[in-house]
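Architecture and fold: a report
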Amino acid sequence: MMERISPREESLRLRAPARVMNLERLGSLHPSRLSFSRSLIRQMARQRWQISAARFDLDDSGHGTVIYRLQTPCGRYHGVIFSQPLDDDARTDRVIAEAWDVTFGVVEGEVDDALLEQMAANVPLQEAGRQHPRLLVLSRANRSLRNFDAFTRALAEGRQPDPAWLTKAGYLYRTTAVYGNGKFGIADFGRLRDNPDFQRPFSAQMLAVYLLRHFSIDQVEHIAHRRAPATAVGLATPVKRYLGIGNSTGLGMAPFLINHPQLIERWVQSREQALAQIRAQAPDEAQRDRLLTLLDRAGCHLEQTVTANAEQGRRNAETVAELPEVRAWLEQVPLDGDLWQELTEWSHRALSLATQELINTLLLELYPAIVEPFENRMGVDECLELTPEMPLVRLKQLIETRYDWALAFDFDDPDNRYWFWYRSIEKEEPRLGVRGQEPGADRELKLAIAPRVADTHRAVGNYLGRHPRAAVVDFLIEHPRYKDIVRRIQAMSETPFGEIRANLWAREMKPIHLLRTKLSFFGASRFDPKSDRWVRITLFQGAPLVEELNAEPDDLRDFDDWGFPLEPALATAPDSQEKARQPAATGVAP
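Within every chain, residues take consecutive numbers counted from 1 along the sequence as written. Where totals are concerned, whole chains, interfaces and linings use all residues; where local detail is concerned, this predicted model gives features only for residues with pLDDT of at least 70, and gives and counts side-chain atom pairs only at 80 or more. To obtain the side-chain values, all non-hydrogen atoms of the structure were used and water was disregarded.

Some remarks on the overall build of the protein
Along the protein, the regular secondary structure elements total 25 helices and 11 strands. Put simply, the radius of gyration uses C-alpha atoms, and a globule should come to 2.2 Å times the residue count raised to 0.38. Relative to the compact-globule value of 25 Å for 590 residues, the protein shows a C-alpha radius of gyration of 25 Å, a close match. With respect to the principal axes defined by its C-alpha atoms, the protein has extents near 90 × 60 × 50 Å. Here the protein, with 590 residues, has 57% of them falling under the buried criterion. In the protein, of all internal contacts separated by at least 6 residues, the share reaching a separation of at least 24 is 75%. Surface accessibility of the protein: about 24,300 Å² in total, with carbon and sulfur atoms responsible for 49%. For helices the rule is a DSSP run of H or I covering at least 4 residues; for strands it is a run of E covering at least 2, with both sets numbered from the N terminus onward. Relative accessibility decides the category of a residue: with a 1.4 Å probe and only protein chains considered, values under 20% of the type maximum give buried, values over 50% give exposed, and everything between is partly exposed. Residue contacts are counted whenever heavy atoms from the two residues lie within 4.5 Å of one another. For every accessible area listed, the method is Shrake-Rupley and the probe measures 1.4 Å; residues are considered covered only by the protein chains on display.

Shown next, in the form of structure tokens:
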């Protein structure tokens, strides 16, 4: 029986913010059952959402228009996809481009001829188009040429493509942007605030990606059948399941993490509160066995995760090497009531950050009744309020107690002032520049909170020396440029999990950790950094298929069990010719 614990006991079991908000630890997070892709799949299954093709108009090459209808208990939506020819050399992972293999959007309500005509003229233009206000999500994607050609060729020849292709790169399409929340004229988040289908953060965006995954399956089967109607076969279900959608993400995610501290606080705190409750549970033998099974699956998944990035490869390999030690510990330690607490404390002392957070992620899998209520608490109305009447000495105390981590950096040290963040005028993307060596410092973004807090603390101290009884408003009248950071300090003083405790100017800072923090909450797997500044990931790999969703599954627990997907073993092995065309061997990169 699940043990309920009091709010006070839960608070006592929360990990310290200094530990949780460490940038490298945040950059070690794995996708979990709290991730938005997982919670969307659960919501769709629980509420019996149905997806059908309202229009499927593709030519022999798979170009044309496809419309998927989504019916929920509360509303109707459509995913509208435009597929067009694209020269091979026009495909790019960059956000900035002018044409893509597919462009698409999710529309609230019906799509009549007039709306479809308007979308056909503008959705393919993306940022340059005049987008309709009923469009909830706007996105685009490019084919993975190697996988796409291999899949269509295999299906047309009457055989299954080798799943190892998807172990190398787990998708047929990868997106370069998935816009929501009012970008470029589409519906703003206010339109969804009271919508029961898409109230959770990024749920509409996750649906768009899920529909693209379904389209990629439909399209590749369609092309194969048009190419060879006498021999073509459809994709086997295990291969479909193993197929996800790729995404290329760069520094553009960093400003979101810094500029939405209350939202980040809600995400992290929900995870920490769920973990605190779980650590208080007394496990039984079945739960221990379940955790051992999940450890084995996660280890295999990491072994099968391919990355050419040496650091990421090292981290994956380290976790894989540590998991047998975790298994041995679990098998040897008595099944006492505080086993989970002992496990997490031991892992903190003995294991790498990535393995520690993998254990926490797998513990979340064991207790859906504890975790799932938090999925409805992941949103927040953001509001950073200024308290001008606060005594200035109180503000100084807040900085010294709540932002002591920011005051610990020596900003006179050139290594602590190495980077600056700015927005490229040419590419309209966030960038990092080396201070004093590269241009762009005149367009510096205020993303580094630590030096701003330290500067504020110094200025407040100087002002108090002259005006010891001053209020915050007095200080701001003389120094208005501190208004934004003072508002943030005051508002965030009671939300300990909102600030990422790092110096984003520091030479040793790895922006890839910022990207992984957000991507883990999206549910991204197969984390494959291409540098410290951009990464390829896969979404929905292993997720249930549309036909499985439409079949209205009875066992929702089994339906939801798709984390850490593994390469499927097919009954009939791919032929030797196909094997010979495959890329280099898979596995954890050195």
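From this point on, the discussion continues.
A few points about the nonpolar core
Put simply, a nonpolar core is a bunch of buried Ala, Val, Leu, Ile, Met, Phe, Trp, Tyr and Cys residues held in one set by side-chain atoms that sit within 4.5 Å of each other. Formed by 159 residues in total, the largest nonpolar core has its most connected members in Leu-330, Trp-340 and Phe-540. In terms of residue count, helix α8 (residues 203-227) provides more of this core than any other element does, 13 residues in total. Not counting chain neighbours up to four residues away, the residues in contact with Trp-340 comprise Ile-278, Arg-279, Gln-281, Pro-283, Gln-287, Arg-288, Leu-291, Leu-330, Leu-363, Leu-366 and Tyr-367. Membership of the second largest hydrophobic core comes to 14 residues, among which are Ile-67, Phe-82, Val-111 and Ala-177.

Re the pattern of salt bridges
Think of a salt bridge as a Lys or Arg side-chain nitrogen and an Asp or Glu carboxyl oxygen that are within 4 Å of each other. A full pass over the atoms with the stated rule returns 46 salt bridges. We note a salt bridge from Arg-271 to Glu-272, for which the minimum N-O separation is 4.0 Å. Each member of the pair, Arg-271 together with Glu-272, is buried. Of the charged contacts, one joins Glu-357 and Arg-271 as a salt bridge, the two residues approaching to 3.1 Å between their closest N and O atoms. Separated by 86 residues along the polypeptide, Glu-357 in helix α15 (residues 353-366) and Arg-271 in helix α11 (residues 261-279) bring together distant segments of the chain. Side by side, Glu-357 and Arg-271 carry an identical accessibility label, which is buried. Each of Arg-33, Arg-38, Arg-42, Arg-46, Arg-200, Glu-365, Glu-372, Glu-375, Arg-557 and Asp-560 takes part in salt bridges that share partners, so that together they form one network.

So, the pairing of strand β8 (residues 419-423)
Among the 5 residues that make up β8, 4 are buried, leaving the element largely enclosed by the rest of the structure. Pairing geometry for β8 and strand β9 (residues 430-434), over 5 bridges, is antiparallel. Bridging from a neighbouring strand, Trp-421 pairs with Leu-432 of β9. Pairing between strands requires that DSSP locate at least two bridges from one strand to the other.

Quick notes on helix α13 (residues 310-332)
Because the α-helix completes a turn every 3.6 residues, residues three or four places apart line up on one side. With 23 residues, α13 should reach 33 Å at 1.5 Å per residue; the first-to-last C-alpha distance of 34 Å fits that figure. To get the bend at any residue, fit one axis to the seven residues that end at it and another to the seven that begin at it, then take the angle between the two axes. In α13, a bend of some 30° at Glu-322 exceeds every other bend along the element, and Pro-324, a proline, comes one to four places later. When α13 is considered as a whole, its buried residues turn out to be Gln-312, Gly-313, Arg-315, Asn-316, Thr-319, Val-320, Glu-322, Leu-323, Val-326, Trp-329 and Leu-330. Each element contacted by the buried residues of α13 is listed here: α3 (23-26), α12 (285-304), α14 (339-350), α15, α22 (511-522) and β10 (525-529). By definition here, a helix of n residues has an expected span of 1.5 Å times n minus one.

Looking at a negative patch on the surface
Note that patches include only residues with greater than 30% relative accessible area and no salt bridge, and the join distances are 9 Å for like charges and 5 Å for nonpolar side chains (Val, Leu, Ile, Met, Phe, Trp, Tyr). Under this rule, positive means Lys or Arg and negative means Asp or Glu; His and the chain ends count for nothing. Charged groups are reduced to one reference atom each: NZ for lysine, CZ for arginine, CG for aspartic acid, CD for glutamic acid. Taken together, the side chains of Glu-552, Asp-554, Asp-555 and Asp-558 define an acidic patch exposed on the protein surface. Checked against the element boundaries, Glu-552 lands in the loop between α23 (546-550) and α24 (556-559).

With respect to the packing of helix α6 (residues 145-156) against α8
Fitted lines through C-alpha atoms give the axes, limited to the stretch in contact for helices. The angle between two N-to-C directions lies from 0 to 180 degrees. α8 packs onto α6 with a crossing angle of 50° between their chain directions and a minimal axis gap of 8 Å. Relative to α8, the element α6 lies oblique. The interaxial crossing formed by α6 with α8 has right-handed handedness. Of α8, the residues touching α6 (which contributes Phe-148, Phe-151, Thr-152, Arg-153, Leu-155 and Ala-156) are Gln-219, Val-220, Glu-221, Ile-223, Ala-224 and Arg-227. Residue classes follow a fixed rule: Ala, Val, Leu, Ile, Met, Phe, Trp, Tyr, Cys and Pro count as nonpolar, while Asp, Glu, Lys and Arg count as charged, and any other residue, Gly among them, counts as polar. Split by residue class, the contact of α6 with α8 holds 7 nonpolar, 2 polar and 3 charged. Each angle receives one of four descriptions, namely roughly parallel if under 35 degrees, roughly antiparallel if over 145, roughly perpendicular if within 65 to 115, and oblique otherwise. Crossings are assigned a handedness: left-handed for a near helix turned anticlockwise from the far helix by less than a right angle, right-handed for a clockwise turn.

Nothing here speaks to function; it is all geometry.
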